[in-house]
Amino acid sequence: MLSSRFLSFSLIAVTALFFLQSCGLVVRETKKGLTEVADSEMFWQGRHGKLTEQEMEWAKIAWQYFINNYNAETGLVNGVDSFVTANVWNIADTVAATVSAHRLGLIDNYEFDHRITPLLEFLNNMPLSYGQLPNLFYNAKNGEQESNDGWSAVDIGRLLIWLQILSDYAPQYSEYIDKAILRWNFCKVINECGELSGINRNSSKNPLPASPKEPLGYYDYALMGYKTWGFPMSHRKEPPVVSIYDIDLPASKEDSRKTGISDPLVSLPYLLLGLEFNWDTLNDQFSPDSYSSNAALADLAWRIYKVQEKRYQYERIFTARTNYRRSKPPYLLYNSIFADGYAWNTLTPEGELHPDLALVANSAAFGMWALWKTSYTDGLMQLVSPLHDPEKGWFEGRREKDGGYERTATCTTNAVVLEVLAYKMYGKLYRSQQSKSYADILMKNEFRRPACSPLDMKECRSRKEK
Amino acid sequence: MRRKNFLLLSCSVFLFFSACTGNNSPFAPVKLSDEGGKNSGKSASVSSKLAGIRERTPAPLTEEEFELAKIAWKFFEKNTQDNGMCNAVDQYPSTTMWDTASYIGGLVSAYELGVIEKHEFNMRMTKLIGMLNRLEFFNNELPNKVYHTQTGAKVDYSNQPGEVGYSAVDMGRMLIWFKIVKERYPIHAAAIDNFILKWNFSNMIDDTGTMFSAMLKDGKILYLQEGRLGYEEYAAKGFQLWGFDTERASKLEPYQTIPIYDIEVPYDSRDPRTLVAHNYVVTESYVLDAIELGWDLSSDRSSSQEVHTDQVLANFAKRIFAVQEARYKDTGILTARTEHQLDQPPYFVYDTIYSDGYPWNTMDPDGKLMPQFAAVALKGAFGIWAVWDMPYSQTLLDAVGHLYDPEKGFYEGLYENGSGNINIFTANNNGIILECLLYKAQGKILRFNQSPQPSRWDKTMDECPPEARDRAQCLREHT
């Protein structure tokens, strides 16, 4: 398979030479031309190539967040600047940021190890919620769960993705990663039909806003995590039900009028599916990033992008919508493309409207910039590239209302910036090496494997065959 | 193999452009093309879904249909007061201008269909217009929203003496029906003109052609833009028929569409979250525009039955039919959605195809979800039957044609959830049912008198300036 890649490149070289000469260009431009071609959208989705000095600067700013908010005792990084709480999604952010920083040369092998090792040690020893799965939150300083809060199947999904990427990127750690994951009881979040269930298990003592059963986008994203670890997950098909600027978009099955639960359509999960998987099927390791083997998913992500570009086109409102966090109330905003019946709805998880807090979200803008090389994303980047404090990291974004800064710095946004820059340099971030691991060997032994392994999944009864 | 071909192809195409043409600046101003993207084939597929929808060709009523007309007329027999006014709801002495227009619609239809004699028709019309000419207006401007039908006094919503405001949409429907009566029966024209000349249009329509309602809040009068897609254009045609320019009200914009069963259903995009007014999509406004005005422009005095000069509206109406038929085909739930009354609290629901962000939303006037009151509204079912000659139209009529009390008229509706009929009788429902039967027999109800009649209204309008506010002022000075 590797040779097929090589073959492609030689083919280009020959073709390129032919055309360049026919246009009468001098030979010394050939090398530059070749680099341009090799980095072009012929082979890569969106932007590809070496980072410019400015982009390296952006990466350093993002990494600054992880320097400032690092807790050496646990290896955890605070979810929000100087708040010592991290949820499982943030643990995944931390792995993503650390791997990306290493790939970009921001940290050396020694520092990489000194960040990864405490984290893996923590993952292998952390208390589990009800003894089953990672708790929703941990105290980033001492690694304790303040109470049994329950778990989030979506957050766990992202962690699974990044532990798999880490395992492939630095195989020397894969044994310890496997051991951490083998502690978890997956039967609590995957049903026999390969569907995620128990998305959020909330305790009555610490009631969090309930989540939809299949959160839009995040569900598909999380599913990839379980799939990378061999669980036979089933994707669902969602009929598009809303249309904005004549672009059909998926909408939630949840009806917030009945359930009181909002399920917003936001950019980030679709962007992460692009950055990490290039909207490919999981076993697709070699196709160029210009080609997505899961065409339906790629098309959906494209529409999510396009509808935001169209809003700019028609309304001249810069748009890059995704959930974001604030350091003061309301702490979490559904900064959506569509929610509860309305386009461009901005609300809290409790359904309170906050149109004034609509945001050009940095994480969404960076993701779109990386994945689609267009004049619109050039414009977006011009708008958001100053949104940082070199001492703190990247902000959450710029308010639509007045252009003001939303200065909160978070683990997720800064991790996404690092992911984006690593993506620009290397293309999709998940490329499985499929080497035999500790878990693979353990799984084959029916006496030793954990209670709920992919091999022990019962037959799906409830679902109708199509 | 496939992949390799793909590479080669894109490779050569790209090189051709990049090597031979200039480079693009990274900081060029943002420019966007209008290309339709991957959704561009959509409108074509929608129109193909609408292609097979046939409209009804007028034909004389069958005997059974004539019986239906007689039943609907029963409501008005039972509910007309000695002074000429008619109750909006069975045995409750209160009405609005909208419901009064529905009574006029029922009256004209009953006469045209031969349910009542000419003498009864003319006596009823004379008494009604006579009573209207004696009404006290809200703030001395325009007919109040509600009147007591026995005393003719203006009242509040609890039917106690008082006033609440007025509705331009109600007034628009009234103007449509008085135009129909004037054109068909010139003997009533002078009395009608006299009534309309009393109206003060100054605050109801402005120079941009926007319509306003009035309401009282804490003793102060608020004038608020009134009308949403469907009702707004329908009511505006009433104003146009009387010579007013309704430029903004008549624009379909601002609207957007939502795909339901792959049919792009248009809805008013003014935001119910901030503007209070709901943006309900229902059958009634589109059906009324069809049966009374033929989906024609108000200036169209001569096009044939098959031609609809208000083309976009006619296309929207088709989608309203198609999406309800599609729901029936998908779920087996008979669907003819429109606002209707209830026989229990909250007494009224917007029972919609789409409203406030959700398809098939059924809500009370405050916007609270009330799915248990979703119903086949009889006026909706009759409307669909009258306008479209399709198997689904007949299915609907078969399902509701028996839902009447032989002494009181047709029931308001049939609950979707199987809990029976809505046990209430209304002027609007029975009036529109009669209109539907008249449309089935004669086609478009508005028929312009081919020999223009002398008219006090027209003379006054000719002498007044065209700008809405000045004209309204001038009209007042002429009376």
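Note that residues are indexed from 1 along each chain, following the sequence as it is written. Chains carry letters and ligands carry numbers; both start at the beginning, A for chains and 1 for ligands, and go up in the order they are written. The model is predicted, so local features are restricted to residues of pLDDT at least 70 and side-chain atom pairs to those at 80 or more, both for listing and for counting; the totals for chains, interfaces and linings are taken over all residues.

Asks: Which residues make up the overall build of chain A, and what values do they have?
Replies: Helix and strand definitions here come from DSSP, where helices need a minimum of 4 consecutive H or I residues and strands a minimum of 2 consecutive E residues; each element is numbered from the N-terminal end. For chain A, the count of helices and strands is 15 helices and 16 strands. For chain A, the residues scored as buried account for 48% of the 466 residues in total. Residue pairs in contact within chain A that sit at least 24 positions apart in sequence constitute 66% of those at least 6 positions apart. Between the buried cut of 20 or more and the exposed cut of 12 or fewer other C-beta atoms within 10 Å of a residue's own C-beta lies the partly exposed class, and all C-beta atoms are placed from the backbone. Here, residues touch in the contact sense if the C-beta positions derived from the backbone fall within 7 Å of one another.

Asks: Let's hear about the overall build of chain B: which residues, and what values?
Replies: The number of helices and strands found in chain B is 17 helices and 19 strands. Going through the 479 residues of chain B one by one, you find that 46% of them count as buried.

Asks: Let's hear about the nonpolar core: which residues, and what values?
Replies: By convention in this section, buried Ala, Val, Leu, Ile, Met, Phe, Trp, Tyr and Cys residues joined through C-beta atoms within 7 Å make up a nonpolar core. The biggest cluster of nonpolar side chains holds 245 residues, and the ones touching the most others in it are A365(A), M368(A), L418(A) and A381(B). Of all the elements, helix 6 (residues 153–169) of chain A adds the most residues to this core, at 11 residues. Among residues more than four places away in sequence, those in contact with L418(A) are A59(A), A62(A), W63(A), A96(A), A97(A), S100(A) and A101(A).

Asks: A description of the environment of A415(A) should follow, citing residues and the corresponding values.
Replies: All names here are of chain A. Position of A415 relative to the elements: it lies in helix 14 (residues 411–426). Given 30 C-beta atoms within 10 Å, A415 falls into the buried group. The spatial distance from the C-alpha of A415 to the C-alpha of E73 is 20 Å, given a sequence separation of 342 residues.

Asks: Give a description of the sheet that holds strand 15 (residues 397–399) of chain A that names residues and reports values.
Replies: All names here are of chain A. In this description, strands pair whenever DSSP reports at least two bridges between them. The strand order 12-15-16 describes an open sheet built from three strands, whose pairing is antiparallel. What marks the edges here is a single partner per strand, and that holds for strand 12 (359–361) and strand 16 (405–406). To define axes, lines are fitted to C-alpha atoms, for helices over the stretch in contact only, and angles between the resulting N-to-C directions are given on a 0 to 180 degree scale. Relative to the sheet, helix 12 (residues 362–371) contacts strand 12 and strand 15, its axis offset from that of strand 12 by approximately 50°.

Asks: Explain the sheet that holds strand 7 (residues 324–325) of chain A residue by residue, including any values.
Replies: All names here are of chain A. Pairing in this open sheet of three strands is antiparallel, and the strands run 7-8-11 from one edge to the other. With one partner strand each, in any of the chains shown, strand 7 and strand 11 (346–347) form the two edges of the open sheet. Relative to strand 8 (residues 332–335), strand 7 runs antiparallel, the two being bridged by two bridges. Within strand 8, the position partnered with Y324 by the bridge is L333.

Asks: Explain the packing of helix 4 (residues 88–103) of chain A against helix 14 of chain A to me, and be specific about the residues and the numbers.
Replies: All names here are of chain A. Their axes nearest at 8 Å, the elements helix 4 and helix 14 cross at an angle of 35°. Crossing angle aside, the handedness with which helix 4 passes helix 14 is left-handed. Contacts from W89, N90, D93, T94, A96, A97, S100, A101 and R103 of helix 4 reach helix 14 at C411, T412, N414, A415, L418, E419, L421, A422 and Y426. The class makeup of the residues in the contact of helix 4 with helix 14 is 10 nonpolar, five polar and three charged. Less than a right angle of anticlockwise turn of the near helix away from the far helix marks a crossing as left-handed, whereas a clockwise turn marks it as right-handed. We call Asp, Glu, Lys and Arg charged. Ala, Val, Leu, Ile, Met, Phe, Trp, Tyr, Cys and Pro are nonpolar, and the rest, Gly among them, are polar.

Asks: Residue-level account of the packing of helix 13 (residues 378–387) of chain B against helix 15 (residues 427–442) of chain B, with values.
Replies: Residues and elements named next belong to chain B. The interhelical angle for the contact between helix 13 and helix 15, taken along N-to-C directions, is 10°, at an axis separation of 9 Å. With respect to their mutual orientation, helix 13 and helix 15 come out roughly parallel. Touching L378, K379, F382, G383, W385 and A386 of helix 13 are N428, N429, I432, I433, C436, Y439 and K440, all from helix 15. Its residues assigned to classes, the contact of helix 13 with helix 15 shows eight nonpolar, three polar and two charged. Between 65 and 115 degrees an angle is taken as roughly perpendicular, under 35 as roughly parallel, over 145 as roughly antiparallel, and anywhere else as oblique.

Asks: Can you explain the environment of Q394(B)? Please cite residues and give values.
Replies: Along the chain, Q394(B) falls in helix 14 (residues 391–400). A tally of 14 C-beta atoms within 10 Å means that Q394(B) is categorised as partly exposed.

Asks: Tell me what's going on with the pairing of strand 6 (residues 212–217) of chain B, and back it up with residues and numbers.
Replies: Residues and elements named next belong to chain B. Where strand 5 (residues 165–166) and strand 6 come together, two bridges link them in antiparallel fashion. Following the sheet pairing, G165 is matched in strand 6 by M215. In terms of strand pairing, strand 6 meets strand 7 (residues 220–225) through six bridges, oriented antiparallel. Within strand 7, the residue paired with A214 across the bridge is Y223. Between strand 6 and strand 7, which follow one another and run antiparallel, lie two residues, and D218 among them has a positive phi close to 50°.

Asks: Talk me through unusual backbone geometry; I want residue IDs and the actual numbers.
Replies: All names here are of chain B. The residue after E253, namely P254, is reached through a cis peptide bond having omega -5°. By the element assignment, P254 lies in the loop between helix 9 (247–250) and strand 8 (255–260). Cis peptide bonds are those with omega within 30 degrees of zero, and the linkage from P345 to P346 qualifies with 5°. Its place among the elements puts P346 in the loop between strand 10 (340–341) and strand 11 (348–351). The phi torsion at D218 lies on the positive side, around 50°, for a residue other than glycine. Its place among the elements puts D218 in the loop between strand 6 and strand 7. We note that Y261 has phi near 50°; this positive angle belongs to a residue other than glycine. Locating Y261 in the fold gives a position in the loop between strand 8 and strand 9 (263–268).

Asks: Kindly report on helix 6 of chain A, identifying the contributing residues and their values.
Replies: Residue count minus one, scaled by 1.5 Å, sets the expected span of a helix. Relative to the 24 Å expected for 17 residues at 1.5 Å per residue, helix 6 of chain A spans 24 Å between its end C-alpha atoms, a close match to the ideal helical length. By the criterion of burial, helix 6 of chain A is predominantly enclosed, with 16 of the 17 residues buried.

Asks: Report on the confidence of the model for chain A, specifying residues and quantitative values.
Replies: The predicted model of chain A has a mean per-residue pLDDT of 87, with 86% of residues at 70 or higher. The quantity known as pLDDT measures the predictor's confidence residue by residue, on a range of 0 to 100. Confidence drops under pLDDT 50 across residues 1–25 of chain A; counting only partners more than four residues distant or on other chains, this segment forms 28 contacts.

Asks: Now, about the environment of M97(B): what can you tell me, with residues and values included?
Replies: All names here are of chain B. Tracing the chain through its elements places M97 in helix 4 (residues 97–113). Each C-alpha atom of the pair M97 and S167 lies 8.5 Å from the other, and the pair is 70 residues apart in sequence. Residues contacting M97, with those up to four places away along its chain left out, are P143, D170, M171 and M174.

Asks: Explain the confidence of the model for chain B to me, using residue names and the numbers behind them.
Replies: All names here are of chain B. Considering every residue of chain B, the mean pLDDT works out to 89; 90% of them sit at 70 or more. This model gives residues 1–44 a pLDDT under 50, and the stretch forms 42 contacts once residues within four places in sequence are excluded. Among the scores for the predicted complex, ipTM is 0.72 and pTM is 0.82.

Asks: Help me get a handle on helix 10 (residues 268–277) of chain A, residues and values and all.
Replies: Residue and element names in this part refer to chain A. Buried residues dominate helix 10, accounting for 10 of its 10 residues. Every buried residue of helix 10 is listed here: L268, P269, Y270, L271, L272, L273, G274, L275, E276 and F277. Where helix 10 is buried, its residues touch helix 6, helix 8 (218–228), helix 11 (295–315), helix 12 and helix 14. Backbone geometry just after helix 10 places N278 at a positive phi near 55°.

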